[in-house]
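# Summary of structural features
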Amino acid sequence: MKKVLFIDRDGTLVIEPPIDYQLDSLEKLEYYPAVFQNLSKIARELDYELVMVTNQDGLGTDSFPEADFWPAQNKIIQAFENEGVVFSEVLIDKSFPHENKDTRKPGTGLLNKYIYGDYDLANSFVIGDRETDIMLANNLGANGIFIGDSCKESCVLITPNWKDIYTFLKSKPRKALEQRRTNETDILIELNLDGTGKNDIATGLGFFDHMLEQIARHGQMDLTVKVNGDLEVDEHHTIEDVALALGTCFDKALGSRKGIERYGFLLPMDDCLTQLAIDFGGRPWLVWDTDFSREFIGDTPTEMFMHFFKSFSDNARCNLNIKAEGSNEHHKIESIFKAFAKAIKMAVRKDQNFAVPSTKGVL
């Protein structure tokens with residue numbers, strides 16, 4: 001799911017003229033201090049789609065003829081494109097304040113594509129200099145960033161500086177939440193890829209909990225897994241659905257995969273040697289080369305381990321190649337989960353290239 005920065009224009013990207021607040025000539029056009037250097041770093045380094053959303057106040061009002069509006073607007077757009085800032089959409093409401101149309105901020109009429117599409121609004125932001133911008137964020141279920149000194153509406157950041165906005169957004173961890181409810185299981189998973197290894201796991205299967213803990217601890221990610229499954233039937237539905245939901249969480253948290261290492265591998269553990277390679281390349285595939293001589297390890301059937309990794313691979317859209325050898329079955333599967341965690345830690349690590357790690361430009 002894509003995250004979005006909905007950015008206001010007047011007072012946020014360009015300065016509103018202090019006397020009449022009307023940007024009604026090119027002579028009055030002045031860009032907000034430090035907006036280019038910081039917004040260009042946001043566009044280059046972070047994983048947000050940029051959308052300009054503005055009411056038509058200033059350029060294009062009845063005091064500034066419509067014919068003169070688009071050359072001025074295009075000049076603003078071109079200036080940002082010259083700095084690597086490309087807006088995927090520019091949404092301009094042309095109604096007047098007294099018309100009270102839903103397309104005018106804080107109304108959401110211009111943004112139905114984002115409300116009903118595949119967008120992560122809970123981790124998206126509206127950036128603006130008016131309280132109506134913050135109200136728009138609340139109406140969208142997004143977060144508000146207010147450019148100014150004070151704001152009566154609830155927002156996550158109040159600052160007059162674009163440098164503060166860049167620093168704040170860059171510090172945001174990669175998180176995801178997934179709830180999966182069927183007639184067989186009720187699952188809640190929360191994931192923070194940039195965590196410290198904290199975990200809170202309860203699936204109803206003690207050994208399975210122990211394996212999921214390995215992912216959090218050795219992958220240095222925070223993980224919560226809560227499951228109410230039909231264990232009175234058997235363990236299959238619980239293990240499979242956890243893997244599917246966990247894979248979806250990874251897919252959400254990684255977003256476009258921009259700026260990640262993409263690949264990871266390894267793990268010796270006592271008598272066992274595990275080789276595990278992972279590629280978050282957007283294509284699911286599993287190669288499984290290991291056998292178990294026991295039907296159960298603890299309360300978990302060994303036949304479900306391959307099924308777990310296959311289900312994870314399908315929903316995380318990653319390639320997994322797993323080979324394990326050894327005589328102790330407990331050590332064998334634990335080494336697989338530890339190697340899995342270490343491989344993930346390597347693969348999701350951010351590099352300094354800030355590009356999607358593919359010659360295709362998309363994963």
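How each quantity is defined
- Residues numbered from 1 in each chain as written.
- Predicted model: local features only at pLDDT ≥ 70, side-chain atom pairs only at ≥ 80, totals over all residues.
- Heavy atoms only, no water.
- Core = buried A, V, L, I, M, F, W, Y, C linked by side-chain atoms within 4.5 Å.
- Buried < 20%, exposed > 50% of the residue type's maximum accessible area, 1.4 Å probe, protein only.
- Contact = heavy atoms within 4.5 Å.
- 1 Å grid on protein atoms, 1.4 Å probe; cavity = no way out; pocket = protein on both sides within 12 Å on 5 of 7 lines; lining within 4 Å.
- Points joined across faces, edges and corners; volume = space filled by probe spheres on them.
- Helix = DSSP H or I, 4+ residues; strand = E, 2+ residues; numbered from the N terminus.
- Nonpolar A, V, L, I, M, F, W, Y, C, P; charged D, E, K, R; others polar.
- Lys, Arg positive; Asp, Glu negative; His and termini not counted.
- Salt bridge = Lys/Arg side-chain N within 4 Å of Asp/Glu carboxyl O.
- Axes fitted to C-alpha atoms, helices over the stretch in contact; angles between N-to-C directions.
- Left-handed = near helix turned anticlockwise from the far one by under 90°.
- Pairing = 2+ DSSP bridges.
- Right-handed = clockwise from strand over helix to strand, strands pointing away.

### Observations regarding the nonpolar core
- If you look at the biggest cluster of nonpolar residues, it comprises 54 residues, and the most contacted ones within it are F250, F280, F308 and F309.
- Setting aside chain neighbours within four positions, we find F250 in contact with L191, L193, M221, F280, F312, A316 and I344.
- Core analysis: the next-biggest nonpolar cluster, separate from the first, contains 29 residues, L13, I76, I147 and I165 among them.

### A short note on the layout of surface pockets
- Size it by volume and the largest pocket reaches roughly 500 Å³.
- Taken together, 26 residues make up the lining of the largest pocket; nearest its centre are K3, D47, K172, R174 and K350.
- Elements supplying a minimum of two residues to the lining of the largest pocket: α5 (162–170) and α7 (236–254).
- Looking at the lining of the largest pocket element by element, the count peaks at three residues for α7.
- Across the lining of the largest pocket, the residue classes break down as ten nonpolar, four polar and twelve charged.
- There is about 290 Å³ of room inside the second largest pocket.
- Around the second largest pocket, the lining is made up of 13 residues, and of these K175, A176, L177, E190 and L191 lie nearest the centre.

### With respect to the side chain of E235
- Considering the arrangement of structural elements, one finds E235 in the loop between β10 (222–229) and α7.
- Here E235 is buried and forms no salt bridge, its nearest opposite-charge partner R294 lying at an N-O distance of 13 Å.
- Not counting chain neighbours up to four residues away, the residues in contact with E235 comprise L205, F296, D299 and P301.

### Looking at the packing of helix α6 (residues 206–219) against helix α9 (residues 329–348)
- The contact between α6 and α9 brings their axes to 7 Å, and the two run at 35 degrees. Where α6 crosses over α9, the two elements pack in a sense that is right-handed. Between α6 and α9, the contacting residues are F207, H210, M211, Q214, I215, H218 and G219 on the first element and H330, I333, E334, F337, K338, F340, A341, K342 and K345 on the second.
- The residue inventory of the contact of α6 with α9, partitioned by class, reads seven nonpolar, five polar and four charged.

### Observations regarding the pairing of strand β13 (residues 272–279)
- Sheet analysis places strand β11 (residues 263–265) next to β13, joined by three bridges and oriented antiparallel. Looking at the pairing, G264 lines up with I278 of β13.
- Alignment of strand β12 (residues 268–269) against β13, held across two bridges, turns out to be antiparallel. Looking at β13, one finds that P268 is bridged to L273.
- Between β12 and β13, which pair antiparallel one after the other, the connecting turn spans two residues, and D270 there sits at a positive phi close to 55 degrees.
- Of the strand pairs in this sheet, β13 and strand β17 (residues 319–325) are connected by seven bridges, and their pairing is antiparallel. By the bridge assignment, D279 is partnered in β17 with N319.

### Considerations on the pairing of strand β9 (residues 199–202)
- Two strands pair when backbone bridges link them, and β9 and β10 are joined in this way by four bridges, in the parallel orientation. Following the sheet pairing, I201 is matched in β10 by V225.
- Between the parallel elements β9 and β10, the chain passes through α6 in a crossover that is left-handed.

### Section: the sheet that holds β10
- Taken together, four strands build an open sheet; the order of strands is β7-β8-β10-β9 and the sheet is mixed. What marks the edges here is a single partner per strand, and that holds for β7 (175–181) and β9. Each strand of the sheet is rotated relative to its neighbour by a mean of 5 degrees, with strand direction disregarded.
- With seven bridges joining them, β7 and strand β8 (residues 185–192) adopt antiparallel strand pairing. Paired with Q179 across the bridge in β8 is L188.
- Here α6 sits on the sheet in contact with β9 and β10, set at roughly 160 degrees to β9.

Keep in mind that these numbers describe shape and distance, not what the molecule does.
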